[in-house]
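Structural overview
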Amino acid sequence: MEFIAFTYVGNFVDKEIITDVLFNVFDDANRFFHQNEIPVRFLYIGKLELEPGYLINLSTPEGRIRVYPLEALVEVLYSRLLQEINEKEDIKMNKIFALTTFPLVSRNPYFDFYEKFLGIHEVITGLRIMILSMKPFEVPITPDDSPHERRRKLETFKSRLLKGILHEVGHSFGLEHCNNQCVMHPPTNIEDWDGRIPGYCDECLLKLRAAL
């Protein structure tokens, strides 16, 4: 069995998102792995605390937003993964997966602007760091929403995140993008993503099992 450390970075205004979305989506991922005989499990290692100084303010056409620079997050996550490996020598774990509530950006080395990313993978000394921004998957919730509507929106948000998590995990084991009804088929828009099945096609599932 291979384990992937998981954590989250950022602040939630609504604590229900933590209990009803964040942890449940990783439970759903572990359930999916179990049902499909994939020897991978997520292992929660606690929230990643970063000093406010890590956040930067960035001007965009939609106004000023707060974002995390990828370089800083990768460095902190790499250090945390090393710590977990040293403390848990009895389990196989060389990957860490972080969800962040803020957009992810990286300064272009040739021009004075930041590039925006949905998620990234970095490999340092054989250890893989995966980061996925929750921001593009969010579903706006308003005080006027009925309990039923609020629940429906939270389920939509969780479904989008689960597909994003499975997509990034697939890449971490060597899967490429595909053209089937599959989480490895990148969407053209969020509506396309909502229509995608929460799992791998038969071809990608076979490749994933073979990689493991």
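Residues numbered from 1 in each chain as written. Predicted model: local features only at pLDDT ≥ 70, side-chain atom pairs only at ≥ 80, totals over all residues. Heavy atoms only, no water.

**Remarks on the nonpolar core**
Among the nonpolar cores identified, the biggest contains 39 residues, and Phe-42, Phe-97, Leu-99 and Tyr-200 are the most heavily contacted of them. Only strand 1 (2-9), helix 1 (15-35), strand 2 (40-44), strand 5 (92-100), strand 9 (127-133), helix 3 (147-172) and helix 5 (202-211) provide two or more residues apiece to this core. Among all residues touching Phe-97, those that are not within four sequence positions of it are Ile-4, Ala-5, Phe-6, Thr-7, Phe-26, Phe-42, Met-130, Leu-132, Ile-165, Glu-168 and Val-169. Ranked by size, the runner-up nonpolar core spans 20 residues in total, among them Ala-5, Leu-81, Ile-120 and Ile-129. (Core = buried A, V, L, I, M, F, W, Y, C linked by side-chain atoms within 4.5 Å. Buried < 20%, exposed > 50% of the residue type's maximum accessible area, 1.4 Å probe, protein only. Helix = DSSP H or I, 4+ residues; strand = E, 2+ residues; numbered from the N terminus. Contact = heavy atoms within 4.5 Å.)

**Observations regarding the sheet that holds strand 1**
Taken together, the 5 strands give an open sheet; going across it, the order is 2-1-5-9-8, and neighbouring strands pair in mixed fashion. Each edge of the open sheet carries a strand with a single partner, namely strand 2 and strand 8 (119-124). Each strand of the sheet is rotated relative to its neighbour by a mean of 25°, with strand direction disregarded. Note: strand 8 against strand 9, 6 bridges, orientation antiparallel. Bridge pairing links Val-123 to Arg-128 in strand 9. (Pairing = 2+ DSSP bridges. Axes fitted to C-alpha atoms, helices over the stretch in contact; angles between N-to-C directions.)

**Quick look at unusual backbone geometry**
Here Glu-37, not a glycine, exhibits a phi torsion of approximately 55°, which is positive. Relative to the elements of secondary structure, Glu-37 occurs in the loop between helix 1 and strand 2. Backbone geometry at Thr-125 places phi at a positive 45°, although glycine is not the residue there. Looking at where Thr-125 falls in the secondary structure, it is placed in the loop between strand 8 and strand 9.

**Digging into the packing of aromatic side chains**
A complete count under the given rule lists 10 aromatic pairs for this structure. Judged by centre distance (3.7 Å) and plane angle (15°), the ring pair of Phe-6 and Phe-26 falls under stacked. Here the residue Phe-6 occupies a position in strand 1, and Phe-26 occupies one in helix 1, the gap between them amounting to 20 residues. One exposure class covers both Phe-6 and Phe-26, and it is buried. For the pair Phe-42 and Phe-97, a centre-to-centre distance of 5.9 Å together with 90° between the ring planes defines the contact as edge-to-face. One end of the pair, Phe-42, is in strand 2; the other, Phe-97, is in strand 5, with 55 residues separating them in the sequence. With respect to burial, Phe-42 and Phe-97 carry one shared label: buried. One aromatic cluster is present, built from ring pairs that chain together Phe-6, Phe-23, Phe-26, Phe-32, Phe-33, Phe-42, Tyr-44, Phe-97 and Tyr-200. (Phe/Tyr/Trp six-rings, centres within 6.5 Å; stacked < 30°, edge-to-face > 60°.)

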